[in-house]
Amino acid sequence: MGVTCESCTNVGVVGFFDRNRKELESRGIAADRLPPGQYFTERFPVLHAGSVPIYKDLGSWNLRIFGEVDQEVTLSFDDLLALPQTTLLTDIHCVTKWSKFDTTWTGVAFSEIEKLVAPRASATHVMCHAEFGFTANLPLVDVRSEPALLAHSFDDKPLEPDHGYPLRFLFPRLYFWKSAKWLRGLEFLDSDRPGFWERNGYHMYGDPWKEQRYWE
């Protein structure tokens, strides 16, 4: 009996991942920089649900920060640009198994936003609200302890529309769906609740080093 097509596919996938890691090593990059089950790419693949919003101008665009805070704030894009700016060099890891190394982002550190709104002691999580009702949940303790950025630029250029123009929440510690594109709001919560992809089977936390891709 011949080998099944499924087995051939599995062998091919394993071979691809092995070759990809060997290519990393040939470039002098430690293979353990790549989370399990991931492959590195120099491209920047695009994945999202729904349409890409098109902004003719940003005159009416704003970002609302609300919830478990002492001072709700609504910022214009100019307000964001007037805040202290941070540039972050980081690797990113998508749940669809690609990783991209040494990406450069510029924007406003999450800590600067906290200074504006003064989160209450009851706040434990943050919900990113984006265009078209997309949401993504994050533990507050994580975004306080790891680099987190409200990014408006990639490689010293404004974000491309497919990658979240004009603003994206960047949290590279977790799978990249947590870095919500087209950000329009940050809600401080007193408990965790699932965002868009979490309601559709993705893991509530999403640690790439533990391969927390989906609910089991």
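What counts and how
- Residues numbered from 1 in each chain as written.
- Predicted model: local features only at pLDDT ≥ 70, side-chain atom pairs only at ≥ 80, totals over all residues.
- Heavy atoms only, no water.
- Pairing = 2+ DSSP bridges.
- Helix = DSSP H or I, 4+ residues; strand = E, 2+ residues; numbered from the N terminus.
- Axes fitted to C-alpha atoms, helices over the stretch in contact; angles between N-to-C directions.
- Contact = heavy atoms within 4.5 Å.
- Phe/Tyr/Trp six-rings, centres within 6.5 Å; stacked < 30°, edge-to-face > 60°.
- Buried < 20%, exposed > 50% of the residue type's maximum accessible area, 1.4 Å probe, protein only.
- Salt bridge = Lys/Arg side-chain N within 4 Å of Asp/Glu carboxyl O.
- Polar contact = N/O pair within 3.5 Å; in protein donor to acceptor, adjacent residues only side chain to side chain.

Undergrad: Any chance you could explain the sheet that holds strand β3 (residues 73–76) here in plain terms?
TA: Sheets are built from strands paired through backbone hydrogen bonds, the pairs being either parallel or antiparallel. Spatially, β3-β2-β11-β6-β7 is the arrangement adopted by the five strands of the open sheet, whose pairing is mixed. The sheet terminates laterally at β3 and β7 (135–139), the two strands that pair on one side only. Each neighbouring strand pair of the sheet contributes to a mean axis angle of 15 degrees, computed without reference to strand direction. Alignment of strand β6 (residues 125–130) against β7, held across five bridges, turns out to be antiparallel. When the bridges of β7 are listed, H129 appears paired with T135. Helix α3 (residues 110–117) contacts β2 (62–67), β3, β6 and β11 (183–189) of the sheet and is inclined by roughly 65 degrees relative to β11.

Undergrad: Would you mind going over the packing of aromatic side chains with me for this structure?
TA: For any pair of aromatic rings, geometry is given as the distance between the ring centres together with the angle between the planes. Enumeration according to the criterion identifies 18 aromatic pairs in this entry. Ring centres of F110 and F169 lie 6.1 Å apart, and the angle between their planes is 75 degrees; on these two criteria the pair is classed as edge-to-face. Of this pair, F110 sits in helix α3 while F169 sits in strand β10 (residues 168–170); the two residues are 59 residues apart in sequence, bridging distant segments of the chain. An identical accessibility class is assigned to F110 and F169; each is buried. Each ring, one from F196 and one from W197, has its centre 5.0 Å from the other, and the planes form 85 degrees; the classification is edge-to-face.

Undergrad: Is there a simple way to explain the pattern of salt bridges in this structure?
TA: Two side chains carrying opposite charge are able to pair once their charged atoms lie near each other. With the rule as written, the count across this model stands at 14 salt bridges. Linking R33 and D102 is a salt bridge whose minimum nitrogen-to-oxygen distance equals 2.7 Å. Linking R33 in the loop between α1 (5–26) and β1 (39–40) with D102 in strand β5 (residues 98–109), this pair joins segments that are 69 residues apart in sequence. Of the charged contacts in the structure, one is a salt bridge between E198 and K178, with a shortest N-O distance of 2.8 Å. Taken together, the residues span a long stretch of sequence, with E198 in helix α5 (residues 196–199) and K178 in the loop between β10 and β11 at a distance of 20 residues. There is no split in this pair, since E198 and K178 are both buried. Among the charged side chains, a network of salt bridges with common partners joins E23, R27 and E42.

Undergrad: Looking at this structure, I do not really get the side chain of N137. What am I missing?
TA: Relative to the assigned elements, N137 resides in strand β7. Side chain to side chain, N137 and K178 meet in a polar contact 2.9 Å long. At 2.9 Å, the side chain of N137 forms a polar contact with the side chain of D192. Setting aside anything within four residues of it in sequence, one finds N137 in contact with V126, M127, K178, D192, R193, P194, G195, E198 and M204.

Undergrad: Would you mind showing me how to read the pairing of β5 here?
TA: When a strand is regular, its side chains alternate between the sheet's two faces. In terms of burial, β5 is a largely internal element, eleven of the twelve residues being buried. Bridging between β1 and β5 involves two bridges; their strand directions are parallel. In the sheet register, F40 faces β5, and the bridge partner there is S99. Bridge count between strand β4 (residues 86–93) and β5: seven bridges; the pairing is antiparallel. Paired with T90 across the bridge in β5 is T103. Counted along the chain from β4 to the antiparallel partner β5, the turn is four residues long, and its residue K97 has a positive phi close to 95 degrees. Pairing geometry for β5 and strand β8 (residues 149–154), over five bridges, is antiparallel. Within β8, the residue paired with V108 across the bridge is L150.

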